[in-house]
Amino acid sequence: MKKKVKTWSAIGVAMLAGATVAEAGALKPLHNIAPSVLVLVDGEGGEGGGGEAPTSYALQSTDAAAFVYDGKSQVEAYASLVHQTYAEAVAEAEKLAAAIDAFLASPAEDTHFTARNAWVAARPAYLRSETFRFYDGPIEAIEGEINAWPMNEAAIDYVEGKADAGIINSKDVIDAAAITALNQKADEADVTTGWHAVEFLLWGQDMSLDGPGHRPHTDYISGQGNNDRRRDYLKAITMKLVADLGAMEAAWATEKTDNYRATFVKLDQREALGRIINGMAILAGFEFMSERLGVALDSGDQEDEHSCFSDTTKQDFVHDLEGIKRVWYGAGIGQLVAAKNEALAKSVSGLFLDAEVRVGKLGDPFDRVLASAKDSPERKTAEAVVTAMQALAEGLKKSGTALGVQVLIPSG
């Protein structure tokens with residue numbers, strides 16, 4: 001969901017982008033390096049949007065030797081990492097589905113507790129995949145059905161002061177196709193599917209700073225009120241989540257010759273590396289730093305907290321950063337940058353370490369940070385994370401330049 005970036009966070013994003021989206025058509029050459037011609041298109045995404053994609057990620061240079069290197073092994077390693085990560089996400093989502101099935105079969109406090117824990121346990125694998133967004137990958141077509149946020153809870157079910165709100169308390173058909181058709185239909189906040197819809201149905205609204213939502217397990221006892229519709233809804237969107245993640249796994253599977261992976265590994269290496277590094281930099285310097293952290297700090301509103309119903313927002317930050325790190329280290333992007341500019345690669349590795357330390361110090365649950373005074377230690381700690389993610393995004397942008405690829409970070 002596209003949101004306005006405000007005050008200091010907006011200024012920071014514009015600065016680190018170097019060339020904002022509005023300025024991209026007039027990029028100036030960097031020494032003897034000139035940008036390729038860009039055609040900017042609106043990105044798709046369930047949260048901060050997919051950014052803007054150039055027609056080519058490759059920078060042009062008058063120096064024939066400027067970008068001579070072999071990045072084939074890194075491109076292949078990245079593709080394998082993407083597949084592995086989505087496979088992990090599918091496996092965890094299937095465990096979540098099994099726990100929800102057990103809960104629906106026997107609604108009780110213990111089965112409800114287990115289903116909630118399964119949701120928390122399943123999230124990290126998906127969060128680590130978010131660095132694979134923000135270019136023309138297959139996730140962009142359905143990301144809004146998997147992880148759209150923030151959401152208007154009243155589009156799904158009852159909320160405080162509106163006991164008859166949502167699809168569950170209407171006469172609308174409840175199945176995966178019908179629910180999906182309504183996803184963000186009237187408004188981008190009218191999210192009906194995905195991780196956060198499941199989260200809301202398990203926890204309910206979070207109305208307290210002392211813990212997550214308190215939806216009772218009795219909401220799922222069959223035969224009472226609209227409980228059967230709620231049961232059907234939760235089942236339908238959980239199975240859809242598993243299926244959608246399965247589609248991402250298949251799109252990157254090694255053994256297929258007609259999927260996205262097969263196309264990706266055949267790209268010119270700088271076109272592939274441009275997608276890889278843009279995904280990392282945009283997640284770090286826009287989606288994470290601004291949309292999820294900066295905007296929430298600016299508003300102080302619990303509704304701007306990413307996983308507000310379960311109070312697991314800090315987990316989101318930890319594992320999003322871990323996903324970016326896996327690409328830098330696990331797919332060997334850092335090693336490739338080091339071969340071109342060892343000092344830069346060491347600097348970026350240091351920025352990863354700094355960001356990891358600062359994220360680790362974030363207050364938990366995050367809604368208490370949002371409720372704290374503007375000059376409180378909790379706020380200052382969170383603002384230090386913003387600064388660290390800005391610096392990391394700038395380092396990744398410079399890494400792209402070293403490899404001869406264009407990196408565009410949206411400014412809001």
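Residues numbered from 1 in each chain as written. Predicted model: local features only at pLDDT ≥ 70, side-chain atom pairs only at ≥ 80, totals over all residues. Heavy atoms only, no water.

So, the environment of Asp 364
On the secondary structure map, Asp 364 appears in the loop between helix H12 (342–360) and helix H13 (366–371). Considering only alpha carbons, one finds Asp 364 and Asp 311, 53 residues apart in sequence, at a separation of 8.1 Å. When near neighbours in sequence (up to four residues on either side) are disregarded, Asp 364 contacts Asp 311 and Lys 314. (Helix = DSSP H or I, 4+ residues; strand = E, 2+ residues; numbered from the N terminus. Contact = heavy atoms within 4.5 Å.)

With respect to unusual backbone geometry
Geometrically, the link from Trp 149 to Pro 150 is a cis peptide bond, its omega value of -5° lying close to zero. Of note, the bond from Asp 364 into Pro 365 is cis; its omega dihedral lies within 30 degrees of zero at 5°. Structurally, Pro 365 can be placed in the loop between H12 and H13. Within the chain, Gln 184 stands out as a residue other than glycine whose phi angle is a positive 55°. Summarising the element assignment, Gln 184 is placed in the loop between helix H5 (176–182) and helix H6 (195–203). We classify Gln 184 as partly exposed; its relative accessible area is 21%. Here Asp 311, not a glycine, exhibits a phi torsion of approximately 60°, which is positive. In this structure, Asp 311 sits in the loop between helix H9 (269–299) and helix H10 (313–330). (Buried < 20%, exposed > 50% of the residue type's maximum accessible area, 1.4 Å probe, protein only.)

Focus: H9
The largest bend in H9 amounts to roughly 45° and is located at Ser 290. Burial of H9 is extensive: 29 of the 31 residues sit out of reach of the surface. Taking the backbone nitrogen of Arg 270 as reference, a side-chain oxygen 3.0 Å away marks Asp 268 as the first, capping residue of H9. Gly 300 lies just past H9 and shows a positive phi near 70°. (Bend = angle between axes of the 7 residues up to and from the residue. Polar contact = N/O pair within 3.5 Å; in protein donor to acceptor, adjacent residues only side chain to side chain.)

Digging into the packing of aromatic side chains
Applying the stated criterion across every chain yields a total of 17 aromatic pairs. Taken together, Tyr 78, Tyr 86, Phe 132, Tyr 135, Trp 252, Tyr 260 and Phe 264 form an aromatic cluster joined through their ring pairs. Of note, Arg 215 hangs over the ring of Phe 200, and the distance from its end group to the ring centre comes to 5.1 Å. (Phe/Tyr/Trp six-rings, centres within 6.5 Å; stacked < 30°, edge-to-face > 60°. Lys NZ or Arg CZ within 6 Å of the ring centre and 35° of its normal.)

A look at the pattern of salt bridges
Side chains that differ in sign of charge can pair as their charged atoms come close. Summed over the entire model, instances satisfying the criterion amount to 23 salt bridges. In this structure, Arg 215 and Asp 157 form a salt bridge, with 3.1 Å as the shortest nitrogen-oxygen distance. Remark: Asp 157 occurs in the loop between helix H4 (139–146) and H5 and Arg 215 occurs in the loop between H6 and helix H7 (227–251); sequence separation between them is 58 residues. Taken as a pair, Arg 215 and Asp 157 share a single burial class, namely buried. Across the salt bridge formed by Glu 287 and Arg 292, the nearest N and O atoms sit 3.4 Å from each other. Of the residues examined, Glu 287 reaches a relative accessible area of 0% and is grouped as buried. Bridged by salt links that share partners, the residues Glu 130, Arg 133, Glu 143, Glu 287, Arg 292 and Asp 320 form one connected network. (Salt bridge = Lys/Arg side-chain N within 4 Å of Asp/Glu carboxyl O.)

A short note on the packing of H9 against H10
Look at H9 against H10: their axes get within 10 Å of each other, and the N-to-C directions meet at 165°. On the basis of their axis angle, the class for H9 and H10 is roughly antiparallel. Considering the relative orientation of H9 and H10, their crossing is left-handed. On the side of H9, the interface is formed by Ile 276, Met 280, Leu 283, Ala 284, Phe 288, Arg 292 and Leu 293, while H10 contributes Phe 317, Asp 320, Leu 321, Ile 324, Val 327 and Trp 328. When grouped by side-chain class, the residues that make up the contact of H9 with H10 number 11 nonpolar, no polar and two charged. (Axes fitted to C-alpha atoms, helices over the stretch in contact; angles between N-to-C directions. Parallel < 35°, antiparallel > 145°, perpendicular 65-115°, else oblique. Left-handed = near helix turned anticlockwise from the far one by under 90°. Nonpolar A, V, L, I, M, F, W, Y, C, P; charged D, E, K, R; others polar.)

Structural notes on the nonpolar core
Core analysis: the largest hydrophobic core is formed by 113 residues, its most contacted members being Tyr 78, Trp 252 and Leu 396. Excluding residues that lie within four positions of it along the chain, Tyr 78 makes contacts with Thr 131, Phe 132, Tyr 135, Trp 252, Phe 264, Ile 276, Val 327 and Ala 331. (Core = buried A, V, L, I, M, F, W, Y, C linked by side-chain atoms within 4.5 Å.)

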